[in-house]
Amino acid sequence: MTPGTESQAARSSRSLATLSPGMQDAVQALQARLQVDGVRVLPLDAYRSPWDQARAYRQGHTWPQIRAMEDRLTHLDWAGFAVILRAVGPQYGLRVTEAPPGQSWHQWGDAWDACPWVDSGSLSRLAWEPRPGDPDYNEAVRLWQRYGRLAEQCGLVWGGHWGDAPHVQCRDMGAVPLVTVGRPLAAARAEELGWWHA
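Residues numbered from 1 in each chain as written. Predicted model: local features only at pLDDT ≥ 70, side-chain atom pairs only at ≥ 80, totals over all residues. Heavy atoms only, no water.

Let's talk about helix H5 (residues 137-153)
Operational definition: Comment: elements are numbered from the N terminus, with helices defined as DSSP H or I runs of at least four residues and strands as E runs of at least two. Each helix should span, by expectation, one fewer than its residue count multiplied by 1.5 Å. Only protein chains enter the area calculation, which uses a 1.4 Å probe; residues under 20% of their type maximum are buried, those over 50% are exposed, and those in between are partly exposed. By construction, the arc corresponds to the directions joining the helix axis to the C-beta atoms. Any two residues whose heavy atoms approach within 4.5 Å are treated as being in contact.
Across its 17 residues, H5 extends 24 Å between first and last C-alpha, which sits within 8% of the 24 Å expected from 1.5 Å per residue. Of the positions making up H5, those classed as buried are Ala140, Leu143, Trp144, Tyr147, Gly148, Leu150 and Ala151. The arc that holds the buried residues of H5, viewed along the axis, is 170°, so those residues lie on one side. Buried-residue contacts for H5 involve helix H1 (21-36), strand E2 (41-45), strand E3 (111-120), strand E5 (157-158) and strand E6 (167-169). Directly after H5, the chain includes Gly155, whose backbone phi takes a positive value near 85°.

A closer look at helix H3 (residues 63-75)
For H3, built from 13 residues, the straight-helix expectation of 18 Å at 1.5 Å per residue is met to within 8% by its first-to-last C-alpha distance of 18 Å. Every buried residue of H3 is accounted for by Ile66, Met69, Glu70 and Leu73. An end-on view of H3 places all buried positions within 105° of arc, on one side of the element. What points out from H3, more than 90 degrees from its buried face, is the exposed set Pro64 and His75. Taken together, the buried residues of H3 touch helix H2 (50-58) and helix H4 (79-87). Two residues or fewer after H3 comes Asp77, characterised by a positive phi angle close to 70°.

Some thoughts on the pattern of salt bridges
Stated precisely, the cut-off is as follows: In the sections that follow, a salt bridge refers to a side-chain nitrogen of Lys or Arg positioned within 4 Å of a carboxyl oxygen of Asp or Glu.
With the rule as written, the count across this model stands at 13 salt bridges. Between Arg146 and Asp37 there is a salt bridge; the shortest N-O distance is 2.4 Å. Note that Arg146 is positioned in helix H5 and Asp37 in the loop between H1 and E2, a separation of 109 residues in sequence. Among the ionic pairs, Asp134 bridges to Arg125, the shortest N-O distance being 3.9 Å. Accessibility expressed as a relative area gives 28% for Arg125, which makes it partly exposed. One salt-bridge network, held together by shared partners, links Arg67, Glu70, Asp71 and Arg86.

Observations concerning the side chain of Asp136
Relative to the elements of secondary structure, Asp136 occurs in the loop between strand E4 (123-126) and H5. Those residues within four positions of Asp136 in sequence are excluded, and the remaining contacts are Val118, Ser120 and Arg125.

Brief notes about the layout of surface pockets
Stated precisely, the cut-off is as follows: We place a 1 Å grid over just the protein atoms. Points where a 1.4 Å probe fits but has no way out form a cavity, open points with protein on both sides within 12 Å along at least 5 of 7 lines form a pocket, and any residue with an atom within 4 Å of a point lines it. Grid points are joined across faces, edges and corners, and a volume is the space filled by probe spheres set on the points.
Here the second largest pocket defines a volume of roughly 170 Å³. Taken together, 12 residues form the lining of the second largest pocket, with Ser20, Trp108, Gly109, Asp110 and Arg189 sitting closest to its centre.

With respect to the packing of H3 against H4
In plain terms, the rule: Only the stretch in contact is used when fitting a helix axis, every axis being a line fitted to C-alpha atoms; angles between N-to-C directions are given from 0 to 180 degrees. Roughly parallel here means an angle under 35 degrees, roughly antiparallel means over 145, roughly perpendicular means 65 to 115, and every remaining angle is called oblique. Left-handed describes a crossing whose near helix is turned anticlockwise from the far helix through less than a right angle; right-handed describes the clockwise counterpart. By the convention adopted, Pro, Cys, Tyr, Trp, Phe, Met, Ile, Leu, Val and Ala count as nonpolar, Lys, Arg, Asp and Glu as charged, and the other residues, Gly among them, as polar.
Closest axis-to-axis distance for the H3/H4 pair is 7 Å, and the angle between their directions is 160°. By the criterion of interaxial angle, the relationship of H3 to H4 is roughly antiparallel. The way H3 lies across H4 gives a crossing that is left-handed. Within the contact between the two elements, H3 uses Trp63, Ile66, Arg67, Met69, Glu70, Leu73 and Thr74 and H4 uses Ala79, Phe81, Ala82, Leu85 and Arg86. In terms of residue class, the contact of H3 with H4 is built from eight nonpolar, one polar and three charged.

These figures capture arrangement, not role.
Okay, structure coming up:
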């Protein structure tokens, strides 16, 4: 198998249609509960391509860490993901994820990210990373907690438990995508979405 090119692969998307059927149902149930509770959210990510995941992973990681991950992916017989990780080139900014390409549930249609809106009188803003001292800090924290509780009531696992508050997934926290999905299903999805080809 050789990696496809980014232009040949399915694009990252916020669309619920890119999620697995079970995840679509759970997110639709979550959206309905959020609406009933008056919590507005901005969808951020549904399906994420391996190239976008590689960019997110490289951001904030050192070159030795990136090389070690390339070696690990190759050793696990997922060299295609290692090639993608190298191909996206340097990325700058703060660290945003510990999941390299292939290891995020977004690539398998089993994760969704969203961010609540804080309404402060005539002004609305995203509740992104509330900090003590912010004028609407308490409201932002309350909205994130509500988002997480409602997600769990809909059968989802909330990423707020490990520091990724926008993230919800339908798999247990410790589940590793490439192991859980299994090689035949993973290879079929990779080919279907143009990640690589025979």
